[in-house]
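Chain residues, written in single-letter form:
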Amino acid sequence: MILESESVVTTAQSLKFRQLVLSNRLSTFGLVIVIISVSLAAAFTIFGERITPYSPYALNLQESNLPPSFAHFFGTDFQGRDIFSRVIAALPIDLGLPIAIVLLSSVVGIFLGMAAGYLGGIVDEIIMRITDLFLAFPTIIMVLAVAATLGAGLVNAMLAFVFVWWPPYVRLVRGGVLEVVAEDFISISKALNSSFTHIILKGILPNILPAVLTYATLDIGTALLEVSILGFLGIGIPPNTPELGIMVGSISYGLYTYPWQALFPAFVTMLLVVGFSFLGEGAREASDVKVRPYILFEGRVFGKAPEILKQELAKQRTPQQQASN
Amino acid sequence: MNDPLYSQYYYFMRDLFTGNFGIDPLTGQTILSEIRFYLPNTLELVLFSFVILVIVGVALGYFAGMHFSTLGDSIARIIYLVSWSTPMYLAAIVAILVFANYIPVFPSGGMYSLSISPPQPVTGIFLIDALLGLNMPAFLSGLQHLILPAAALAFVNFGLISRAVRSSILNVRWSTHVKTARAKGLSEDEVRRKHILRNALIDATSLSAVIFGWVLTSTLVVEELFAWPGLGQFAYQAIFSSDYPVLIPIVVVFTLGVIVANFVADVAYSLLDPRIGIGGHNGAVT
């Protein structure tokens, strides 16, 4: 099962990143979920209640606690609001908040990580010790404490998350910068008297961005989970906001009687996170140079090798290799 | 309160290290005694589910890595990715609905049934106390109540371990030292156990400290849903009632738990990997 042939490996390396990611059906599935949910969220942000079958906010006590039916896909909650509409209304918050958290954290991470990695010395020491300090705190507990102190509000919840979310990015970026700085082209660039900003922006940044992007894709899913847990616990995010975690949390006492009120929003949460995880996992695998040549085996079930690689594999297949397989 | 900020900070740190956290304004008990009551329950739940998740996670990751690029690998990957993407509350709710409501095999909440006499507290951990007191009904009842929350906790958190084990197996499987081991005539079983699995476990060890922290904090949700009288539920109530004097010691205890887990993982790391020494003597690389 070892790819001994150089040319197969080179072919695999030469394939575009996009092709590699999409050769994996799981990642494609993830991408589809992400695209659908993001466009639904965007549509709701633009058009508001006009795209949902019912108003996600209006109370209708005569229709409270209805089971799922064709009129109400996910049933209605205890105040008679259509859960399907509320789930759609929750998408902008449940996607927007994690994306904002990850974006801000990666900006902080890139800034501090580059400073630590490139400047080195005492700056590196100070930044990394502070980062280690923040890494020691258990995330969700710290978020809860900060969010409870700041008071309920979406912006406050986001700030509370960013407060604990940035340390892994600093470590990631710093590690990447240290690797890149050791490369020859940076020393050459320095010898050519390139400016500091030029080295940072043209030399280092493009080389660390892919790693950050890959990590961030996976991280949006994690952030989404934690945001919805914050909502579930009822802290930080204002009550009555259509948010998936809050919708699950508001049901804890009627769980046996009206399980769908909790199950549907919870499953939607899972589906969203699955989307980001599958996509991020595929991207991570495709960007991993060690695993990359191996991910395009013909034998993989949930992915098809691109045609060009199949031909290359067929060409290389000697009787001896067939025997060893 | 009239003192300047640095004096207040000094008092706070002094009290922190002497364990004098003050009195819970809601219950009137000292916070230390409350933590002493809740902490063993949480430890019981967390340690039990941690053992489950490490076993399941390593086994699944090992399976996926050794069956790379086959149907089994793909299914194992889907399982751990889904496990990892499941919100904690979904796992707990499904567990309660299915195994406590529709098929009532396990109780839906609490630590032991009210009909049994609880054992004498020795260590504070219910199951160990029951065993020490040879109180079989209490032990069985405790175990029965433990399985569902522990399984829910384990299910949500084992994914990352599987992924790490799988990818380190992929790194090590085709490496030269494994080829050498085969070439020198070790049996396949020995090669797998000593050269592949052991290398894979090294990565999993450093990761397990992180996972331990996650399991510890996931108790916030699980203990609330399963009515488990532990630190997570205590923290939840403290946050909900804005009881900051209680919240600060709890955050300290959770953070201590994470730091201790990291320390244990570092020690285990050096035991597993001979390249890493603790002291730096004997030419070991630190």
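Residues numbered from 1 in each chain as written. Chains lettered and ligands numbered in written order. Predicted model: local features only at pLDDT ≥ 70, side-chain atom pairs only at ≥ 80, totals over all residues.

## Structural notes on the overall build of chain B
For the record, the criterion: Helix and strand assignments come from DSSP, with helices taken as H or I runs of at least 4 residues and strands as E runs of at least 2, each series counted from the N terminus. Neighbour counting defines burial: a residue surrounded by 20 or more other C-beta atoms within 10 Å of its own C-beta is buried, one with 12 or fewer is exposed, and intermediate counts give partly exposed, using backbone-placed C-beta atoms. Placing a C-beta atom from the backbone of each residue, one calls two residues in contact when those atoms lie within 7 Å.
The helix and strand tally for chain B stands at 11 helices and zero strands. The secondary structure elements of chain B, listed N-terminal to C-terminal, are α-α-α-α-α-α-α-α-α-α-α. The principal-axis extent of the C-alpha atoms belonging to chain B is close to 70 × 55 × 40 Å. Counting the 286 residues in chain B, one finds 43% classified as buried. Of the contacts made within chain B by residues no fewer than 6 positions apart, 68% connect residues no fewer than 24 positions apart.

## Things to note about the environment of B:Asn101
With respect to the element layout, B:Asn101 can be found in helix α4 (residues 88–102). In sequence terms B:Asn101 and B:Leu39 are 62 residues apart; their C-alpha atoms lie 29 Å from each other. Once residues lying within four places of it in the same chain are set aside, the contact partners of B:Asn101 are A:Tyr256 and B:Ile96.

## Examining the interface of chain A and chain B
Test applied: Residue type decides the class: Asp, Glu, Lys and Arg count as charged, Ala, Val, Leu, Ile, Met, Phe, Trp, Tyr, Cys and Pro as nonpolar, and the leftover types, Gly among them, as polar.
Across the contact, 40 residues belong to chain A and 36 residues belong to chain B. Mapped onto the side of chain A that touches chain B, the elements with two or more residues apiece are α6 (139–150), α10 (196–233) and α12 (259–287) of chain A. No other element matches the 12 residues that α12(A) contributes to the side of chain A that touches chain B. Partitioned by chemical class, the residues of the side of chain A that touches chain B number 30 nonpolar, seven polar and three charged.

## Structural notes on unusual backbone geometry
Among all residues save glycine, negative phi is the norm, and among peptide bonds the norm is trans. With a phi close to 70°, A:Asn240 is a non-glycine residue in the positive phi region. Relative to the helices and strands, A:Asn240 is located in the loop between α10 and α11 (244–249).

## A short note on the packing of helix α8 (residues 176–183) of chain B against helix α9 (residues 188–225) of chain B
Residues and elements named next belong to chain B. Our working rule: Axis lines are fitted to C-alpha atoms, over the contacting stretch for helices. Their N-to-C directions set the angle, which ranges from 0 to 180 degrees. Each angle is binned into one of four classes, with values under 35 degrees roughly parallel, values over 145 roughly antiparallel, values of 65 to 115 roughly perpendicular, and all other values oblique. It is the rotation of the near helix from the far one that decides the hand of a crossing: anticlockwise by less than a right angle makes it left-handed, clockwise makes it right-handed.
Between α8 and α9, the least distance of the axes is 10 Å, while the angle of their chain directions is 155°. The orientation of α8 with respect to α9, classified from their angle, is roughly antiparallel. Note on packing geometry: the crossing formed by α8 with α9 is right-handed. Of the residues in α9, those in contact with His177, Val178, Ala181 and Arg182 of α8 are Val191, His195 and Ile196. The class makeup of the residues in the contact of α8 with α9 is four nonpolar, two polar and one charged.

## Notes on the confidence of the model for chain A
All names here are of chain A. Heads up, the condition is: The predictor attaches a confidence to each residue, called pLDDT, with possible values from 0 through 100.
Looking at chain A, the pLDDT average stands at 81 and 81% of residues meet or exceed 70. Per-element averaging of pLDDT across chain A places helix α14 (residues 319–324) at the bottom with 45 and helix α4 (residues 83–119) at the top with 93. In the predicted structure, residues 298–302 sits below a pLDDT of 50 and forms 12 contacts with residues beyond four places in sequence or in another chain. Low pLDDT (under 50) marks residues 318–325, which in the prediction has two contacts with non-local residues, meaning those over four places away or in another chain.

## Some details on the confidence of the model for chain B
Residue and element names in this part refer to chain B. Mean pLDDT over chain B: 82, with 94% of residues reaching 70 or higher. Here helix α5 (residues 126–132) stands out as the least confident element of chain B, with mean pLDDT 76; helix α2 (residues 31–66) is the most confident, with 89. Low pLDDT, under 50, characterises residues 280–286; the predicted model gives this stretch seven contacts beyond four residues in sequence or across chains.

## Thoughts on α10(A)
Residues and elements named next belong to chain A. We apply this condition: Multiplying 1.5 Å by the helix residue count minus one yields the expected span of that helix. Bend is computed residue by residue as the angle between axes fitted to the seven residues ending at the residue and the seven residues starting at it.
When the terminal C-alpha atoms of α10 are compared, their 47 Å separation across 38 residues is substantially less than the 56 Å that a helix rising 1.5 Å per residue should span. The sharpest bend along α10 measures roughly 50° and falls at Leu205, with the proline Pro206 sitting one to four residues further on. Looking one or two residues past α10, Gly234 carries a phi angle of roughly 75°, positive in sign.

## Focus: the packing of helix α3 (residues 71–85) of chain B against helix α7 (residues 159–173) of chain B
The description of two helices packed together rests on the angle between their axes and the distance between the axes. Residue and element names in this part refer to chain B. At a minimum axis distance of 8 Å, the contact between α3 and α7 shows a crossing angle of 140°. For α3 against α7, the interelement crossing comes out left-handed. Packed against α3, whose contacting residues are Tyr80, Leu81, Ser83 and Trp84, the element α7 presents Gly159, Leu160, Ser162 and Arg163 at the interface. Along the lines of polarity and charge, the residues of the contact of α3 with α7 split into four nonpolar, three polar and one charged.

## Focus on α2(B)
Residue pairs three or four apart in sequence face the same way in an α-helix, which turns once every 3.6 residues. Spanning 36 residues, α2(B) covers 50 Å between terminal C-alpha atoms, matching the ideal 52 Å at 1.5 Å per step. Of all the bends found along α2(B), the most pronounced is centred on B:Tyr38 and spans about 25°, while B:Pro40, a proline, follows it within four residues.

## Observations concerning the environment of A:Thr214
Residues and elements named next belong to chain A. Position of Thr214 among the secondary structure elements: in helix α10. Judged by C-beta crowding, with 23 C-beta atoms within 10 Å, Thr214 ranks as buried. Residues Thr214 and Arg284, 70 residues apart in the sequence, show an inter-C-alpha distance of 5.7 Å. Discounting chain neighbours no more than four positions away, the residues touching Thr214 are Gly280, Ala283, Arg284 and Ser287.

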